[in-house]
Amino acid sequence: YGKKHSPKTKEKLSILKKELYREHPEKHINSIIAHNNKNQLNKKGGYISKGQIKIYELIKNFFHDAQLNYPIKTPDHLYFADIGISSLLLDIEYDGEYWHKDDFKDMLRDMNLAKSGWRVVHIKECEVLVLSDDQLKHYILSMIIKESVH
């Protein structure tokens, strides 16, 4: 069913795509998902997890510039913070069991963000599941304050 791309062509397409998304992060699927998160009827293209939305809902009144899937440009990459607070250069990551199995990859990502002045707070899925909303809100705010002091 058609000719497959050569490895060289795939690499060129990958570079072009990365350049496009660095220049226009709003065209990246993560930005589109965040924009349409209230209408998540079709999960086929991806969606924002319930835990991520719960954290966002708990903190958005404290940080008015908090944004879901916030694009962060570094010299080498375009990252998307689960919840970005640009005024604090803070990335709040909801670490669900499925997507955050590779601690080394997360550590490299955090280091790259730190080089650009961003701090990262990780909230584990198990913490979101066992804490009440009020306890979770206090926990998240204490993590943000702790990270802001460093």
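All figures in this text were calculated on a predicted structure; none of them were measured in a lab.

S.K.: What is the right way to read the nonpolar core from this model?
M.R.: Core analysis: the biggest nonpolar cluster contains 20 residues, and Ile55, Ile83, Ile85, Ile92 and Ile123 have the highest contact counts within it. Of all elements in the fold, only helix H3 (50-59), strand E1 (66-73), strand E2 (78-85), strand E3 (90-95), strand E4 (119-124) and helix H6 (133-149) reach the threshold of two or more residues within this core. Excluding residues that lie within four positions of it along the chain, Ile85 makes contacts with Ile59, Phe63, Asp65, Ala66, Leu90, Ile92, Trp118 and Ile144. Of all hydrophobic cores here, the second largest spans seven residues; its members include Tyr79, Ala81, Leu113 and Trp118.

S.K.: Sorry, what's going on with the side chain of Arg109 here?
M.R.: Here Arg109 is to be found in helix H4 (residues 103-115). Those residues in contact with Arg109 that lie beyond four places of it in its chain are Tyr79, Phe80, Ala81, Asp91 and Glu93.

S.K.: Sorry, what's going on with the environment of Asp106 here?
M.R.: Structurally, Asp106 is set in helix H4. On the basis of relative accessibility, which here comes to 13%, the residue Asp106 falls in the buried class.

S.K.: Quick question: what am I supposed to make of the sheet that holds E1 here?
M.R.: Pairing between sheet strands relies on hydrogen bonds along the backbone, with the strands arranged either parallel or antiparallel. An order of E1-E2-E3-E4 is seen for the four strands of this open sheet, with the pairing classed as mixed. Strands at the two margins of the open sheet, each flanked by one partner only, are E1 and E4. Ignoring strand direction, the axes of neighbouring strands in this sheet form an average angle of 45 degrees. As defined by bridge partners, E1 adjoins E2 across seven bridges and the pair is classed as antiparallel. By the bridge assignment for E2, Pro71 is matched with Phe80. Packing of H3 onto the sheet brings it into contact with E1, E2, E3 and E4, and relative to E2 it is tilted by some 50 degrees.

Conventions and cut-offs
Residues numbered from 1 in each chain as written. Predicted model: local features only at pLDDT ≥ 70, side-chain atom pairs only at ≥ 80, totals over all residues. Heavy atoms only, no water. Core = buried A, V, L, I, M, F, W, Y, C linked by side-chain atoms within 4.5 Å. Buried < 20%, exposed > 50% of the residue type's maximum accessible area, 1.4 Å probe, protein only. Helix = DSSP H or I, 4+ residues; strand = E, 2+ residues; numbered from the N terminus. Contact = heavy atoms within 4.5 Å. Pairing = 2+ DSSP bridges. Axes fitted to C-alpha atoms, helices over the stretch in contact; angles between N-to-C directions.

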